[in-house]
Amino acid sequence: MEDKSTGYRIFSICNILIMLLLIFVTAYPIYYVLIASISNPVELSLNTQALLKPLAPYTLSAYETVLDNPMIGRGYLNTLFILVVGLCFNLTLTVMGAYFLSLKNIYFKTPITFLIIFTMYFNGGLVPTYLNIRDLGLFDSLWSLVIPTALSTTNLIIMKTAFQSIPDSLVESGRLDGASHFTILFKIMLPLAVPTLMVMVLYYGVGHWNAWFNASIYLQTRDKFPLQLVLRNILLATQASGDMMGGIDTDEMAQMAELIKYALIVVATFPILCVYPFLQKYFVKGVMVGAIKG
C-alpha cells in the first residue's frame, strides 16, 4: 500500500509538472506579444534573452499608430457585420442540414450524404469560384464573404453526429405527442446539443474573424475591408515605407515596424480571447461527440 501511495504521488507530481510546462509553452507567446508591444523598440531589437517584462522606457506609440488609422473602426464594423450575419447563416444551414441527415428512413439519404462529403475533398478552385462570385453579382460586396462560406461540411458532420447521439426514444415520444419536425428540432434536439452548438459558434466565429484572403480577392472598396485585411494592409505599408512613422531613418523604421506587428496581433486577437472563456466549458464536450459515435 505504501509503494502504491508513493508511486501515485510521483505520478501526480509528474502530471503537475507536465501541465505547468504546457501552460507555460501555451501562455508565454501570448504574454510575450503583449509586453513586446509596449516595450521600447530600440531595446527590443537589441534583446536576445527571454522577455519577462516590458523593456523601458515603455511606449504605446505602436497602438497609437494602429488605432489612429481611420480604417480600424470601419474594419471592426465590417467584421462585426460579417460575423453576426455569417453566424446566422452558418448555424441555420448547419442545424437544418444536420437534422435532415440525422433522420432515419429518408429517401436518397446515402447519395445526398456522399455528395455533401465529396465537397470536403474536391472544389471548383479559385478561378471558377471568382467567376461564380462575379456572375452572381456579389463582387465587391460583403455578401461575398458570407454566402460562399455559409456551410462547412466538417461542422455539418459534427452537428449531425451530435443529433444522432440523442436517444431515439425522446424523438419518438415527441412524434407520438404530435410534434412537428420544427418542434422536435428546437424543443428536443437543440437543447440537448447545446455544447456542440457552442462549438459551431466558436468554429464559425473564429473563421469569420480571422478571414482576410477572400476579402482581398472579392473586395475593391476600402470602406468594405474587414478588420484582418485592414491590419494586414497597415503592416505591409509599415514595412514598405516610413510614411506612417514620420520619415524616421531605416533602422528606427524597422524597429517600429516590429513593434506595430505585435500591436496588430493584440488588436486582432483580443476580442476572441475575451469571448473564448465563455465558450470553453462547452468545447471539450461538444468536440468529443464526434469521437464517441460516428
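Position numbers for residues start from 1 in each chain and track the written sequence from start to end. At least 70 in pLDDT is required for a residue's local features to be given in this predicted model, at least 80 for side-chain atom pairs to be given and counted, and no such filter applies to totals for whole chains, interfaces and linings, which use all residues. Think of the side-chain values as coming from all heavy atoms in the structure, minus any hydrogens and water.

Trainee: Go over the overall build of the chain with me, naming the residues and quoting the values.
Mentor: Numbering of helices and strands runs from the N terminus, with a helix taken as a DSSP run of H or I at least four residues long and a strand as a DSSP run of E at least two residues long. Within the chain, the secondary structure is distributed over 13 helices and zero strands. We call a residue buried when its accessible area falls under 20% of the maximum for its residue type, exposed when it is over 50%, and partly exposed in between, using a 1.4 Å probe and counting protein chains only. Counting across all 294 residues of the chain, residues that qualify as buried make up 36%. Counted over contacts in the chain with a minimum sequence separation of 6, partners at least 24 positions apart contribute 72%. Surface summary for the chain: the accessible area is close to 17800 Å², and the carbon and sulfur share equals 68%. Note on contacts: a residue pair is in contact if any heavy atoms of the two residues lie within 4.5 Å. Working definition of accessibility: Shrake-Rupley area with a 1.4 Å probe, residue cover restricted to the visible protein chains.

Trainee: Quick rundown of the environment of Leu279? Include the residues and the values.
Mentor: Checked against the element boundaries, Leu279 lands in helix 13 (residues 250–292). Leu279 gets classed as buried once you look at its relative accessible area, which sits at 12%. Distance in space between the C-alpha atoms of Leu279 and Leu202 is 7.3 Å, their sequence separation being 77 residues. Residue contacts for Leu279: discarding those within four places in its chain leaves Met198, Val201 and Leu202.

Trainee: Quick one: what's the story with the pattern of salt bridges, residue by residue and with numbers?
Mentor: The working definition used for a salt bridge is a side-chain nitrogen of Lys or Arg within 4 Å of a carboxyl oxygen of Asp or Glu. Taken as a whole and judged by the stated rule, the model has four salt bridges. Here Arg134 and Asp135 are joined by a salt bridge, their closest N and O atoms 3.4 Å apart. Residue Arg134 is classed as partly exposed on the basis of its relative accessible area of 45%. A residue is classified by how much of its surface remains accessible, and Asp135, at 58% relative accessible area, is exposed.

Trainee: Could you give me a rundown of a nonpolar patch on the surface, with the residues and numbers involved?
Mentor: A surface patch of nonpolar side chains, amounting to about 760 Å² of accessible area, comprises Phe114, Leu115, Ile117, Phe118, Met120, Tyr121 and Phe122. Structurally, Phe122 can be placed in the loop between helix 5 (109–121) and helix 6 (126–135). Since its relative accessible area comes to 53%, Phe122 is described here as exposed. Residues forming no salt bridge and having over 30% relative accessible area are the ones grouped into patches, like charges within 9 Å of each other and nonpolar side chains (Val, Leu, Ile, Met, Phe, Trp, Tyr) within 5 Å.

Trainee: I'd love a proper account of the packing of aromatic side chains, names of residues and values included.
Mentor: Put simply, two rings from Phe, Tyr or Trp (the six-membered ring, in Trp's case) pair if the centres are within 6.5 Å, and we call them stacked under 30 degrees between planes, edge-to-face over 60, tilted for the rest. Summed over all chains, the structure comprises 12 aromatic pairs. Ring geometry for Phe182 and Phe186: centres 6.2 Å apart, planes at 5 degrees, overall stacked. Taken together, the positions of Phe182 and Phe186, both in helix 9 (residues 181–192) and four residues apart, correspond to about one turn of that helix. When its relative accessible area of 52% is taken as the criterion, Phe182 is described as exposed. Look at Trp212 and Phe213: their rings are 5.9 Å apart centre to centre, the planes differ by 85 degrees, and that puts the pair in the edge-to-face class. Trp212 sits in the partly exposed class, given a relative accessible area of 32%.

Trainee: Give a description of helix 7 (residues 153–164) that names residues and reports values.
Mentor: Its 12 residues place the ends of helix 7 16 Å apart at the C-alpha level, agreeing with the 16 Å of an ideal helix rising 1.5 Å per residue. Of all the 12 residues making up helix 7, 10 are buried; the element is thus mostly covered by neighbouring parts of the structure. When helix 7 is considered as a whole, its buried residues turn out to be Thr153, Asn155, Leu156, Ile158, Met159, Lys160, Thr161, Ala162, Phe163 and Gln164. How far a helix is expected to stretch is found by multiplying one less than its residue total by 1.5 Å.

Trainee: Tell me about unusual backbone geometry, and please be specific about residues and values.
Mentor: One non-glycine residue with positive phi stands out, namely Asn105, at about 60 degrees. As for its placement among the helices and strands, Asn105 is situated in the loop between helix 4 (71–102) and helix 5. Despite not being glycine, Asp140 has its phi angle at roughly 60 degrees, a positive value. In this structure, Asp140 sits in the loop between helix 6 and helix 7. Using a relative accessible area of 17% as the deciding quantity, one classes Asp140 as buried.

Trainee: Describe the nonpolar core, listing the residues and the values that go with them.
Mentor: Counting residues in hydrophobic clusters, the biggest one holds 63 residues, and the most contacted among them are Val66, Met159, Phe163 and Leu231. The element contributing the most residues to this core is helix 4, with 10 residues. Discounting residues that sit within four places of it in the chain, Phe163 has contacts with Val95, Ala98, Tyr99, Ser102, Leu185, Met189, Leu190 and Ala193. Nine residue types can take part in a nonpolar core, namely buried Ala, Val, Leu, Ile, Met, Phe, Trp, Tyr and Cys, and a core is a set of them joined through side-chain atoms within 4.5 Å.

Trainee: Can you lay out the packing of helix 8 (residues 168–176) against helix 9 for me, pointing to particular residues and giving the numbers?
Mentor: Axis definition: a line fitted to C-alpha atoms, over the contacting stretch in the case of helices. Angles run 0 to 180 degrees between N-to-C directions. Where helix 8 contacts helix 9, the two axes come as close as 10 Å, and the packing angle between them is 150 degrees. Considering their axes alone, helix 8 and helix 9 lie roughly antiparallel with respect to each other. Helix 8 and helix 9 meet at a crossing whose hand is right-handed. Here Leu170, Val171, Gly174 and Arg175 of helix 8 come into contact with helix 9, specifically with His181, Ile184, Ile188 and Leu192. Put simply, Ala, Val, Leu, Ile, Met, Phe, Trp, Tyr, Cys and Pro go in the nonpolar bin, Asp, Glu, Lys and Arg in the charged bin, and everything else, Gly too, in the polar bin. In the contact of helix 8 with helix 9, the residues fall into five nonpolar, two polar and one charged. Angles are sorted into four bins: roughly parallel if under 35 degrees, roughly antiparallel if over 145, roughly perpendicular if 65 to 115, and oblique for all others. Here a crossing is called left-handed whenever its near helix is offset anticlockwise from the far helix by less than a right angle, and right-handed whenever the offset is clockwise.

Trainee: Which residues make up the environment of Leu264, and what values do they have?
Mentor: Tracing the sequence through the fold places Leu264 in helix 13. Given a relative accessible area of 6%, Leu264 falls into the buried group. When the C-alpha positions of Leu264 and Val66 are compared, they lie 7.1 Å apart, and in sequence the two are 198 residues distant.

Trainee: How would you sum up the side chain of Thr59? Please name residues and give values.
Mentor: As for its placement among the helices and strands, Thr59 is situated in the loop between helix 2 (41–46) and helix 3 (61–67). Within the structure, the side chain of Thr59 is placed 2.9 Å from the side chain of Ser61, a separation counted as a polar contact. What qualifies as a polar contact is a pair of N or O atoms within 3.5 Å, subject to a donor-acceptor requirement within protein and to the restriction that residues adjacent in sequence count only when both atoms come from side chains.

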